[in-house]
Amino acid sequence: MTVSILYREELREYDFGLGHPFRGDRYEIFPQFLRAHVPEDGSYKFVASETCTEEDLLLICGRDYIDFSRDYFRAANLGETFSGSMDFPMYHSLDNLPRGKPGKLEEAARMVIGQLKAAAELVMHGGEEFVISIGGNLHHAKPDYGEGFCIYNDNAFAAKYLLEKCGVERVLVLDTDAHQGNGTCEYFYTDPRVLFVDLHQDPTTLYPGVGFANDIGEGAGRGFTVNVPLPVYAGLDSYRIAFEQIVEPITREFKPQVIIRNGGSDPHFADGLTNLGLPVRLRIAAAAELT
Ligand SMILES: [Zn+2]
């Protein structure tokens with residue numbers, strides 16, 4: 001099996017500037033690491049997909065928000081002032097954004113959505129079972145509100161695209177980033193077609209401060225949101241219990257047709273912003289499973 005890895009070098013433009021924890025060069029690290037440790041022996045291939053269309057973006061947000069985001073980051077990139085605002089925690093000044101690259105950050109955000117569209121197409125119509133998109137995990141973005149360094153929510157787009165364009169009826173979104181995926185959660189809180197399972201650090205200790213165990217969805221979606229807050233320094237054994245006791249049984253019961261697995265390396269013990277304490281050996285085991 002050859003695994004398609006969706007990636008474009010232009011993703012590096014998703015960059016909040018000097019001194020910010022979210023820099024664009026982070027995306028280059030994975031392809032470099034993979035090529036250095038796993039020879040290109042046919043087990044994987046890099047695929048550069050098209051960016052998304054305006055119609056694609058309208059699946060997850062309104063036209064006003066799309067216009068706002070484009071204008072906001074264009075103005076910021078040019079060093080102009082802009083009367084709008086977008087709440088990016090830890091990001092308080094337009095001065096920190098890279099200059100002289102009009103709209104590049106927002107364009108890169110569209111490329112991430114384009115990759116998820118390509119991933120959905122490859123899985124649904126390209127005969128592929130397993131596709132990786134580098135540069136996503138923009139799970140804090142909401143339908144008409146950007147936060148947590150996220151403009152357009154790639155998880156939500158993939159699920160919506162599968163449901164609305166591909167005839168899929170049951171999608172599991174499994175989010176194991178250290179921060180709760182509050183944007184993704186909001187998209188599907190009342191939607192029983194999407195089982196949203198989120199393992200994250202105790203919200204009383206970390207942004208976004210939501211995602212408690214009793215937040216289980218509403219209306220028809222009640223029971224289809226599963227928040228699993230983990231204590232600070234949870235470690236590998238806590239994850240093992242959570243997967244054996246919660247994730248696996250409910251996944252078997254729900255029988256998803258497609259699984260969207262939202263990663264994020266920040267549960268790792270060396271991450272500077274979080275405290276979940278996962279050891280390095282889990283990453284090696286995960287990598288071994290892929291090859
Ligand atoms: Zn995170």
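Preceding this paragraph is the structure being described.
Computed from a prediction, not measured in an experiment: that's the story for all the values here. Residue numbers here run from 1 along each chain, matching the order of that chain's written sequence. Totals for whole chains, interfaces and linings use all residues, but because this is a predicted model, local features are given only for residues with pLDDT of at least 70 and pairs of side-chain atoms are given and counted only at 80 or more.

So, on to helix α7 (residues 235–254). What counts as a helix is a DSSP run of H or I of at least four residues, what counts as a strand is a run of E of at least two, and both are numbered from the N terminus. The span one expects for a helix is its residue count, reduced by one, times 1.5 Å. If you check α7, its first and last C-alpha atoms are 27 Å apart, about what 20 residues at 1.5 Å a residue would give, namely 28 Å. K255 occupies a position one or two residues after α7 and carries a positive phi of about 55°.

Take the pairing of strand β2 (residues 44–47) next. A strand pair is defined by DSSP finding two or more bridges across the two strands. In this sheet, β2 lies alongside strand β1 (residues 3–6) in parallel orientation, the contact comprising four bridges. Note that in β2 the partner of V3 across the bridge is Y44. Note that the unit made of β1, helix α1 (residues 26–37) and β2 has a crossover that is right-handed. We call a crossover right-handed when, viewed with the strands running away from us, the connection from the first strand over the helix to the second turns clockwise.

Before going further, it helps to spend a moment on the sheet that holds β2. The parallel open sheet is built from three strands, whose spatial order is β2-β1-β3. The open sheet has two edge strands, β2 and β3 (131–133), and neither has a second partner. Adjacent strand axes in the sheet meet at a mean angle of 25°, parallel and antiparallel pairs treated alike. Any two residues are considered in contact once their C-beta atoms, placed from the backbone, lie within 7 Å. Note on method: axes are straight lines fitted to C-alpha atoms, helices fitted across the in-contact stretch only, with angles between N-to-C directions ranging 0 to 180 degrees. Against the sheet, helix α4 (residues 104–125) touches β1 and β3, its axis set at about 180° to β3.

Moving on: the environment of E128. Here E128 is to be found in the loop between α4 and β3. A residue is called partly exposed when the number of other C-beta atoms within 10 Å of its own lies between 12 and 20, exposed at 12 or fewer, and buried at 20 or more, with C-beta atoms placed from the backbone. According to the C-beta neighbour criterion, E128 is partly exposed, with 16 such atoms within 10 Å. Here the alpha-carbon distance between E128 and S4, two residues 124 residues apart in the chain, equals 8.2 Å. In this view, E128 contacts S4, L122 and V123; residues no more than four positions away in its chain are not counted.

Quick look at the environment of T176 now. Tracing the backbone shows T176 in the loop between β4 (171–175) and α6 (182–187). In this structure T176 comes out as buried when scored by C-beta crowding, with 23 C-beta atoms within 10 Å. Spatially, the C-alpha atoms of T176 and S265 are 8.9 Å apart, while their sequence positions differ by 89 residues. Excluding its chain neighbours within four sequence positions, the residues that come into contact with T176 are L199, N262, G263, G264 and P267.

Attention now goes to the pairing of β4. Burial of β4 is extensive: five of the five residues sit out of reach of the surface. By the bridge criterion, five bridges tie β4 to strand β5 (residues 194–201) in an arrangement that is parallel. Each residue of the ladder has a partner; that of V173, found in β5, is F196. Traced from β4 through α6 to β5, the parallel crossover comes out right-handed. Of the pairings in the sheet, the one linking β4 to strand β7 (residues 258–262) comprises five bridges and is parallel in character.

This next bit is on α4. For α4, spanning 22 residues, the distance from its first C-alpha to its last is 31 Å, which sits close to the expected 32 Å at 1.5 Å a residue. Burial within α4 is extensive, with 17 of its 22 residues counted as buried. Positive backbone phi, at 75°, marks G127, one or two positions downstream of α4.

As a further point, take the sheet that holds β4. One open sheet holds the four strands; their spatial order is β6-β5-β4-β7, and the pairing between them is parallel. If you trace the sheet from one side to the other, it starts and ends with β6 (225–230) and β7, each paired once. Within this sheet the neighbouring strands show an average axis-to-axis angle of 10°, counted without direction.

Note that all results are geometric; they support no functional claim without further evidence.
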